[in-house]
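Each chain is listed here by its residues.
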Amino acid sequence: MSFLLSCPFCGPRPVDEYAYFGEVTKRPGPSPTLRELTDYVYFRDNVAGVQREWWQHRSGCGEWFLAERDTRTNEVLEVILPEPGRNSPA
Ligand SMILES: [Zn+2]
């Protein structure tokens, strides 16, 4: 299924130009338990609804950004630049 995704720098482009890097996750604290670390590394919420995701405009400007997308319809509700100091999912 194809849809348009709006890069914050380039504007609306076909989703084929982007790389998807999954839902935004919350990093565990500095001394995580094994359970917290396992959840962070291996498990995702995989919601049927609106979720915040990492995207990269790989075939365009190369920038990373966040998008709020309804996973049921692929409707993109908002495109957001990441917080300063966190400019990729890694
Ligand atoms: Zn772009």
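For the structure itself, look to the data block above.
Source: prediction; values computed, not measured. (Residues numbered from 1 in each chain as written. Predicted model: local features only at pLDDT ≥ 70, side-chain atom pairs only at ≥ 80, totals over all residues.)

S.K.: Honestly, the overall build of the protein chain in this entry has me stumped. Any pointers?
M.R.: Helix and strand counts for the protein chain stand at one helix and six strands. N-terminal to C-terminal, the α/β element order of the protein chain is β-β-β-α-β-β-β. Referenced to the eigenvectors of the C-alpha coordinate spread, the extents of the protein chain come out at roughly 40 × 30 × 20 Å. When each of the 90 residues of the protein chain is scored for burial, the buried share is 8%. (Helix = DSSP H or I, 4+ residues; strand = E, 2+ residues; numbered from the N terminus. Buried ≥ 20, exposed ≤ 12 C-beta atoms within 10 Å, placed from the backbone.)

S.K.: Would you mind showing me how to read the sheet that holds strand E3 (residues 19-23) here?
M.R.: Paired through backbone hydrogen bonds, the strands of a sheet run either parallel or antiparallel to each other. Taking strand neighbours across the sheet as the criterion, the four strands line up as E3-E4-E5-E6 in an open arrangement whose pairing is antiparallel. Lying at the two open borders of the sheet, with one neighbouring strand each, are E3 and strand E6 (76-80). Strand-to-strand, the axes of this sheet are offset by a mean angle of 30°, without reference to chain direction. Both strand E5 (residues 64-70) and E6 contribute to a ladder of four bridges, which runs antiparallel. Residue pairing for E6: leucine 66 is matched across the bridge by isoleucine 80. (Pairing = 2+ DSSP bridges. Axes fitted to C-alpha atoms, helices over the stretch in contact; angles between N-to-C directions.)

S.K.: When you look at the environment of valine 79 in this model, what are you seeing that I'm missing?
M.R.: Mapped onto the elements of the fold, valine 79 is located in strand E6. Classification of valine 79 as partly exposed rests on a count of 16 C-beta atoms within 10 Å.

S.K.: Got a minute to help me understand the pairing of E6 in this structure?
M.R.: Consecutive side chains along a regular strand alternate between the two faces of the sheet. For E6, the tally of buried residues reaches only zero of five residues, placing the bulk of the element at the surface. Two successive antiparallel strands, E5 and E6, enclose a turn made up of five residues, where asparagine 74 displays a positive phi of approximately 65°.

S.K.: Please clarify how unusual backbone geometry should be interpreted in this entry.
M.R.: With a phi angle near 50°, asparagine 46 is a residue other than glycine that sits in the positive phi range. Within the secondary structure layout, asparagine 46 lies in the loop between helix H1 (34-42) and strand E4 (50-56).

S.K.: Explain the environment of aspartate 39 to me, please; I cannot follow it from the model alone.
M.R.: As for its placement among the helices and strands, aspartate 39 is situated in helix H1. For aspartate 39, a count of 15 C-beta atoms within 10 Å corresponds to the partly exposed category. For aspartate 39 and proline 28, which are 11 residues apart along the polypeptide, the C-alpha to C-alpha distance reads 9.2 Å.

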